[in-house]
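# Structure assessment
Listed below, chain by chain, are the residues.
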Amino acid sequence: MNIHIIGGGNLGVAIAVGLANYSKGNHITITRRNTAQIQHLSQNGIIVSSNNIENIDQADLIILTIKPYQIDTVLNEILPHISNKIIASAVSGVSLETLQQKAIGAHPIVRIMPNIAAQFAESATCISFSEQNKEAGEHVVSLFNYLGTAIVIEEKLMDAATVLGACGTAYALRYIRASMQAGIEIGFDAQTALAIASQTAKGAAKMALEEKIHPEQLIDRVTTPQGCTIVGLNEMEHRGFSSALIRGIKTSLQKIKE
Ligand SMILES: NC(=O)C1=CN([C@@H]2O[C@H](COP(=O)(O)OP(=O)(O)OC[C@H]3O[C@@H](n4cnc5c(N)ncnc54)[C@H](OP(=O)(O)O)[C@@H]3O)[C@@H](O)[C@H]2O)C=CC1
Ligand SMILES: O=C(O)[C@@H]1CCC=N1
């Protein structure tokens, strides 16, 4: 497939590198206005360009990874040069209906919400499309399965997916950072603390994914009666650990709905 990614920033680059490293037979182009920062991607066989329309008529899939306020400019620029192309938009907060109207109904539109772990084929990508665009949607799902897990969701949950799945990367990293800081306080050098905290989070996530049981059942396997885990966990809860996370996620959701 020829894949044309418009918006070579944090997410666009993660998708481009992920596709280059974890999928086969795709030709990837990535664009942004100032290309200096992403020129190195050409070493991975990715075409880097500041021209959004060059060869866009050859694309099988166009992926939009621009900010919401950049969408009109980009669509006005590319629409006259394409016909009946699948457009996958990762632009947060912009609905299928709005996108379909902007594209004058002429292109199958799919909404995607990946996260930057796409770079390492570990994204949780949520995907929505209308019944009418099912074939295009399934195409996009197969592609994003190379970059981790692709889950089809109802569009009304797309904002929630953005918060849980995309912003979630940052929340998880903040957990790792806090563990690392504690690790340094209790005796490890920074690098060792980071390695232990990161691998421990990865291991916990792997168990949750593989066993598909409630996390508390896995926690029960760790908490020796009268041991050190349960006192730590209870102290974290006294300090509002779960509550802080839930409130943070709900605040992010409120913001995206604005
Ligand atoms: N970052 C993340 O983890 C996630 C982001 N998203 C969504 O993805 C979108 C992008 O986010 P993010 O990657 O963080 O943002 P960035 O600002 O990092 O990337 C946006 C890129 O778009 C480029 N751009 C702007 N205007 C144009 C244009 N006219 N033509 C081509 N490229 C253009 C910018 O580069 P230049 O100025 O050089 O043109 C910039 O590199 C947002 O809508 C965001 O909500 C969704 C999920 C996760
Ligand atoms: O912070 C943001 O608004 C974007 C959306 C999801 C991740 N980053």
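Residues numbered from 1 in each chain as written. Chains lettered and ligands numbered in written order. Predicted model: local features only at pLDDT ≥ 70, side-chain atom pairs only at ≥ 80, totals over all residues. Heavy atoms only, no water.

### Describing the domain arrangement of the protein
Under the domain assignment used here, the protein contains domain 1 (2–153) and domain 2 (161–257). Here the C-alpha centre of domain 2 lies 31 Å away from the C-alpha centre of domain 1. Contact with domain 1, which involves 7 residues of that partner, is made by 6 residues of domain 2. Applying the counting criterion to the domain 1 and domain 2 interface returns 0 salt bridges. (Domains from an automatic or database assignment. Contact = heavy atoms within 4.5 Å. Salt bridge = Lys/Arg side-chain N within 4 Å of Asp/Glu carboxyl O.)

### Notes on the packing of helix α5 (residues 158–185) against helix α9 (residues 241–257)
Between α5 and α9, the least distance of the axes is 10 Å, while the angle of their chain directions is 135°. Comparing their axes, α9 and α5 come out oblique. For the pair α5 and α9, the crossing hand works out as right-handed. Note on element contacts: α9 touches α5 through F241, L245, G248, I249, S252, L253, I256 and K257, opposite D159, A160, T162, V163, L164, Y171 and Y175. (Axes fitted to C-alpha atoms, helices over the stretch in contact; angles between N-to-C directions. Helix = DSSP H or I, 4+ residues; strand = E, 2+ residues; numbered from the N terminus. Parallel < 35°, antiparallel > 145°, perpendicular 65-115°, else oblique. Left-handed = near helix turned anticlockwise from the far one by under 90°.)

### A word on the side chain of R111
Locating R111 in the fold gives a position in strand β6 (residues 109–113). Taking the relative accessible area as the measure of exposure, R111 reaches 4% and is therefore buried. A distance of 3.0 Å separates a polar side-chain atom of R111 from the backbone oxygen of V94. (Buried < 20%, exposed > 50% of the residue type's maximum accessible area, 1.4 Å probe, protein only. Polar contact = N/O pair within 3.5 Å; in protein donor to acceptor, adjacent residues only side chain to side chain.)

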